[in-house]
Amino acid sequence: AIGDIMRNPMLGVKMTRRSQMKVETKVIEEYTDEEIEKITKVIEDTFNDKRQLYRYSPAYILILNTGIREGEALALPWDNLDTDIRIMSIESSLSYVKDRCKDGHMKGRKIVISETKTINGRRTIPLNQNALDAIEEIKRRNKVQGITSDFVISDLNGNHLTPRNFYRTWESITRRAGVENKGVHALRHTFGSRALRAGVDIKVVSELLGHSNINITYDTYIHIIKEQKFEAVKELEFI
């Protein structure tokens, strides 16, 4: 037929090997130990005096100590926590997307809960004592305020919390702590960085973070891996 071509020209295109490709690594944002100390101080002050200031503040401690994504935290149901055996199951994530009419016009935004993007995203994460304390504080605050919800993080009516409101609270906490706001996601990166610097195997870190493959973890935390190589060589100075 007129306009048809006899052969697909793309068949003659050779793909560049991954080993020959230059990988553009993005400098990740993470909080320093000093910044985390200041942030934790602000959050723990609200624990100690039993005030309801920064109502969602325990949730940030939970993210810092588990490395879960913000959307995973906001979608997390109580049924996916087992504090007796100290584990958390991640199966879904919350997104705040545009809600459009049939004619395509946007009428606002809506919350969508979906399964994690990859098989590796569905994972079980151990809970350390800091994470357990944060969970207990969330339970206590809900009880004081008479909140009943299926979700670990919720609004006053027990419904899903929007990422916008979750971010606003974080913004207030970092401002009060006198720390640069690098975003809630930086807490996840801080967890990953701390784990690697503590000597946790990169494969284990990759599994905890729910990366689809270990190359993503490697590319994300290449700066830490370089630090570790440098330190390892220093330890081998025999002369």
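See above for the structure.
Residues numbered from 1 in each chain as written. Predicted model: local features only at pLDDT ≥ 70, side-chain atom pairs only at ≥ 80, totals over all residues. Heavy atoms only, no water.

Colleague: Help me understand the overall build of the protein chain in this model?
Modeller: A count of helices and strands for the protein chain gives nine helices and five strands. Start at the N end of the protein chain and walk to the C end: the helices and strands fall as α-α-α-β-β-β-β-β-α-α-α-α-α-α. Taking as baseline every contact in the protein chain between residues at least 6 positions apart, the subset at least 24 positions apart corresponds to 65%. Put simply, the protein chain shows about 15,100 Å² of open surface, and 52% of that area lies on carbon and sulfur atoms. (Helix = DSSP H or I, 4+ residues; strand = E, 2+ residues; numbered from the N terminus. Contact = heavy atoms within 4.5 Å. Areas by Shrake-Rupley, 256 points an atom, 1.4 Å probe, with all protein chains shown as cover.)

Colleague: How do you make sense of the pattern of salt bridges when you look at a structure like this?
Modeller: If charged atoms from side chains of opposite charge come close, those side chains can pair. Enumeration according to the criterion identifies twelve salt bridges in this entry. The partner of Glu34 in a salt bridge is Lys38, with the nearest N and O atoms 3.7 Å apart. Here Lys38 and Glu34 lie together in helix H1 (residues 33–48), a separation of four residues that amounts to about one turn. Accessibility expressed as a relative area gives 53% for Glu34, which makes it exposed. Three or more residues joined by partner-sharing salt bridges are found here, namely Glu30, Arg197 and Glu227. (Salt bridge = Lys/Arg side-chain N within 4 Å of Asp/Glu carboxyl O. Buried < 20%, exposed > 50% of the residue type's maximum accessible area, 1.4 Å probe, protein only.)

Colleague: Help me out: how do you make sense of a positive patch on the surface in this one?
Modeller: On the surface, Lys98, Arg100, Arg109, Arg164 and Arg168 cluster together to form a positively charged patch. Going through the elements one at a time, strand S3 (92–100) and helix H5 (163–177) are the ones with two or more residues in the positive patch. Tracing the backbone shows Arg109 in strand S4 (residues 106–115). Using a relative accessible area of 43% as the deciding quantity, one classes Arg109 as partly exposed. (Patch = residues over 30% accessible without salt bridge, like charges linked within 9 Å, V, L, I, M, F, W, Y side chains within 5 Å. Lys, Arg positive; Asp, Glu negative; His and termini not counted. Charge placed at Lys NZ, Arg CZ, Asp CG, Glu CD.)

Colleague: Got a minute to help me understand the packing of helix H2 (residues 57–66) against helix H6 (residues 185–197) in this structure?
Modeller: Any two packed helices are characterised by the angle at which their axes cross and by the distance between the axes. Axis separation between H2 and H6 bottoms out at 7 Å; the angle between their running directions is 35 degrees. In terms of crossing hand, the pair formed by H2 and H6 is right-handed. Residues Tyr60, Ile63, Leu64, Asn65 and Thr66 of H2 lie in contact with H6, whose contacting residues are Leu187, Arg188, Thr190 and Phe191. Among the residues making up the contact of H2 with H6, the classes are represented as five nonpolar, three polar and one charged. (Axes fitted to C-alpha atoms, helices over the stretch in contact; angles between N-to-C directions. Left-handed = near helix turned anticlockwise from the far one by under 90°. Nonpolar A, V, L, I, M, F, W, Y, C, P; charged D, E, K, R; others polar.)

Colleague: Which parts of the structure should I look at to understand the nonpolar core?
Modeller: What tends to happen in soluble globular proteins is that the nonpolar side chains get buried as a cluster. In terms of nonpolar packing, the biggest core is built from 50 residues, with Tyr60, Phe166 and Leu187 touching the most fellow members. Every element with two or more residues in this core is listed here: H1, H2, helix H3 (70–75), strand S2 (87–90), helix H4 (129–144), H5, H6 and helix H7 (202–209). Of the residues forming this core, the biggest block, six residues, is contributed by H2. Beyond its immediate stretch of four places on either side in the chain, Leu187 contacts Tyr31, Ile36, Tyr60, Ile63, Leu64 and Trp170. (Core = buried A, V, L, I, M, F, W, Y, C linked by side-chain atoms within 4.5 Å.)

Colleague: Can you help me understand the packing of H6 against helix H9 (residues 222–235) in this one?
Modeller: The geometry of H6 relative to H9 is characterised by a closest axis approach of 10 Å and an angle of 15 degrees between their N-to-C directions. In this view, H6 runs roughly parallel relative to H9, as classed from their interaxial angle. The two elements H6 and H9 cross, and the hand of that crossing is right-handed. Seen from H6, the contacting residues are Ser193, Leu196 and Arg197; seen from H9, they are His223, Ile224, Glu227 and Gln228. Its residues assigned to classes, the contact of H6 with H9 shows two nonpolar, three polar and two charged. (Parallel < 35°, antiparallel > 145°, perpendicular 65-115°, else oblique.)

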